[in-house]
Amino acid sequence: MDFTTKFNTWASRVEAGFAVHLPPAGTRPGRLHEAMHYSLKAGGKRLRPVLVFAAAELCDPFGRHDPLPAAVSIECIHTYSLIHDDLPCMDNDDLRRGRPTAHKAYDEATALLSGDALLTHAFYLLSTAYGYDSSLAAALVRTLSQAAGSERLIGGQMEDLIAEKRESVDADDLQYIHLNKTAAMIEASLALGAQVGEASPARMDRIREAGRELGLAFQIVDDVLDATADTATIGKTAGKDAKAGKATYVSLYGLERARVLARETSEAAVERWKKVEGDTAFLVALTRFLTDRKR
Ligand code: GRG
């Protein structure tokens, strides 16, 4: 199967999985469940679920455990983080994934609660879907909760908000923000897939290292796109980082240097993939695809 077909197959699988692994939109309270599905189905790239499938297949081509619940759970956490990030008390954005943000389509309280519900559901799903193997379920919950917690995703978001109010931000601060706000969830997607595929500890370490580098490259490209692409293409308000005084690779290093750093970091990730045992061709192609993406 070629790269695009494989990516689209996994992305479609996770989208179909929302109907199986979440309470339906009509579940009482209808407004809450409808808002959860509204944001989930808004049509993101589905990068993180695809990473779960790819790592699971890499580590266990025979598929002893189904990666789908893990893939749905990481997309729940990612979507919650986007809903909350768009709220007026954070980035205050009107557009996400090409549609009105959750608090614009509903209201702030509904958006907040739908994010809370997606966050909570992710762990319910992992613990029930893999409950037949309690050590696997516990390992998955540990990986995801650590990546989404106060020292990683939420910590990165906190420092990002603090940096907006500061006079200057240095390379260390920027690295902290991006490693935690962005790379943590990308690394965790791969780690979840590798756990589903019963990877050895050594293989897991190498996969995580590649994920960390891929996550950084992804964020540098995101910074470049925010500075150069138009709103219609990226499906969120372009040029927001500069307006908000955000710490980005473009604000710290300038556009041209940021472009070079994106390519170098992406190639560093490719080198890491080559050190991982097994057929990493899809992950190498994905790394390069993400560097050249337009949205
Ligand atoms: C509110 C705890 C909390 C965290 C928010 C996700 C996030 C942290 C902030 C969103 C802003 C931002 C630039 C985050 C960096 C990660 C990132 C680029 C997210 C967007 O991921 P994509 O491009 O989104 O994969 P889609 O919509 O395609 O799924």
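Scroll up a little and you will see the structure.
To start, this report covers the structure provided alongside it. Note that residues are indexed from 1 along each chain, following the sequence as it is written. Note on the predicted model: pLDDT of at least 70 is required for a residue's local features to be given, and 80 or more for side-chain atom pairs to be given and counted; whole-chain, interface and lining totals, by contrast, use all residues. Heavy atoms from the whole structure form the basis of all side-chain values; hydrogens and water molecules are not counted.

**Quick word on the site of the ligand**
Just so we agree on the cut-off: Here, proximity means that at least one heavy atom of the residue falls within 4 Å of the molecule or strand. Any pair of nitrogen or oxygen atoms within 3.5 Å is treated as a polar contact; in protein, a donor-acceptor pairing is required on top of that, and neighbouring residues in sequence qualify only through side-chain atoms on both sides. In this description, accessible areas are obtained by the Shrake-Rupley approach with a 1.4 Å probe, and a residue is regarded as covered only by the protein chains that are shown. Secondary structure elements are taken from DSSP: a helix is a run of H or I of four residues or more, a strand is a run of E of two residues or more, and numbering for both begins at the N terminus. Note on residue classes: Ala, Val, Leu, Ile, Met, Phe, Trp, Tyr, Cys and Pro are nonpolar, Asp, Glu, Lys and Arg are charged, and everything else, Gly too, is polar.
Around the ligand, 18 residues are found, and the nearest of them are Lys 45, Arg 48, His 78, Arg 97 and Gln 219. In this structure, an oxygen atom belonging to the ligand sits 2.6 Å away from a side-chain N or O atom of Lys 45. Between an oxygen atom of the ligand and a side-chain N or O atom of His 78, the distance comes to 2.8 Å. Against a free-state accessible area of 700 Å², the protein chains account for coverage of 92% of the ligand. The element that contributes the greatest number of residues to the shell around the ligand is helix 4 (residues 68-86), accounting for six residues. In terms of residue class, the shell around the ligand is made up of five nonpolar, seven polar and six charged.

**Things to note about the nonpolar core**
Cut-off, in case you're wondering: Side-chain atoms within 4.5 Å are what join buried Ala, Val, Leu, Ile, Met, Phe, Trp, Tyr and Cys residues into a set we call a nonpolar core. Exposed residues in this analysis have more than 50% of their type's maximum accessible area, buried residues have under 20%, and partly exposed residues fall in between, with area computed by a 1.4 Å probe over protein chains only. What makes two residues a contact is simply this: any of their non-hydrogen atoms within 4.5 Å.
Ranked by size, the top nonpolar core spans 68 residues in total, and within it Ile 77, Leu 144, Phe 282, Leu 283 and Leu 286 carry the most contacts. Top element by residues in this core is helix 3 (residues 47-59). It accounts for ten residues. With sequence-adjacent residues up to four places away left out, Leu 283 is seen in contact with Leu 51, Ala 54, Leu 58, Leu 190 and Trp 273. Grouped together as the second largest cluster of nonpolar side chains are 17 residues, Val 169, Leu 174, Val 224 and Ala 247 included.

**A word on the environment of Ile 177**
Structurally, Ile 177 is set in helix 9 (residues 171-196). Taking the C-alpha atoms as reference, Ile 177 lies 9.1 Å from Ala 163; in sequence the two are 14 residues apart. Ignoring anything within four residues of it in the chain, the contact list for Ile 177 reads Gly 156, Glu 159, Asp 160, Ala 163, Thr 182 and Ala 247.

Interpretation note: all reported values are geometric properties and have no functional meaning in isolation.
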